[in-house]
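# Observations on the model geometry
If you want the building blocks of each chain, they are given just below.
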Amino acid sequence: MSEPIRVLVVDDEWMVRAMLRTIVQTAPDIVVVGEAADGNEAVEQARRHRPDVVLMDIRMPRADGLTATERLTHLTPPPHVVVLTTFDLDEYVHTALRHGAVGFLLKDASAEEMLTAVRSAARGDAMLSPKVTGRLLRRFITVDAGRSEASQRLTVLTIKEQEVLVAVGKGLSNTDIAASLHMSEATAKTHVSRILTKLGLTNRVQAAILAHQAGLLDS
């Protein structure tokens, strides 16, 4: 039997932490190893408990979730951070993703969506909810490089890797990519890893943003 996924819950409101703990611990394959009420405490708890996944609020006292997320990337190995957000915090989510967060989750998400986010993050798959990902990516496509520059970056990819990148941009998991492109899941995972390496990216969400910037999903 494999080890359960270790989760650290970070939010400055104790009621939110209690809710998240209750939801997460309903799953037999997930365990909450700690809680934190601010960014500094989150980093301390992560060093102590070595969680696989951190559910990270953004607006908190002392050190916010953005600062904590960036600091967590320096741990060895770093935990996978899923940002807890609401629609009005989109701009903060964008920064968090740049700091290494692997995905984001709305605070009013269902219990099933929360558990899916934890499991996806633990596997290294980004939590890219179709309901909110398109809105988030479209909003920030213009803040970085223009389309021509983004397209130029993709010239290092093979045709198959560009197909996989489009799938990543749609929010597909490795399992879904394998099914849609008629390859094994291991091959899909290898392609994603090569794409991130070639493009100098940290995670799948950054790859999805670049795919949108380059216009790969416009058609």
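Everything here concerns the structure above.
Let me begin by describing the structure that accompanies this report. (Residues numbered from 1 in each chain as written. Predicted model: local features only at pLDDT ≥ 70, side-chain atom pairs only at ≥ 80, totals over all residues. Heavy atoms only, no water.)

### Overview of the pattern of salt bridges
On inspection of all chains with the given rule, the structure shows six salt bridges. Of the charged contacts, one joins E35 and R21 as a salt bridge, the two residues approaching to 2.5 Å between their closest N and O atoms. Of this pair, E35 sits in strand β2 (residues 30–36) while R21 sits in helix α1 (residues 14–24), and the two are 14 residues apart along the sequence. Since its relative accessible area comes to 24%, E35 is described here as partly exposed. A relative accessible area of 26% places R21 in the partly exposed class. In this structure, the salt-bridge partner of R119 is D29, at a minimum N-O distance of 2.8 Å. Residue R119 is located in helix α5 (residues 111–123), and its partner D29 is located in the loop between α1 and β2; the two are separated by 90 residues in the primary sequence. (Salt bridge = Lys/Arg side-chain N within 4 Å of Asp/Glu carboxyl O. Helix = DSSP H or I, 4+ residues; strand = E, 2+ residues; numbered from the N terminus. Buried < 20%, exposed > 50% of the residue type's maximum accessible area, 1.4 Å probe, protein only.)

### Things to note about the packing of helix α2 (residues 39–49) against helix α3 (residues 65–72)
Each packed pair of helices is defined by two parameters, the angle between the axes and the distance between the axes. Where α2 contacts α3, the axes come no closer than 8 Å and their chain directions differ by 25°. The angle between α2 and α3 places the two elements in the roughly parallel class. You can see that α2 and α3 cross each other, and the crossing is right-handed. Residues G39, N40, V43 and A46 of α2 lie in contact with α3, whose contacting residues are A68, R71 and L72. (Axes fitted to C-alpha atoms, helices over the stretch in contact; angles between N-to-C directions. Parallel < 35°, antiparallel > 145°, perpendicular 65-115°, else oblique. Left-handed = near helix turned anticlockwise from the far one by under 90°. Contact = heavy atoms within 4.5 Å.)

Geometry only, nothing functional implied.
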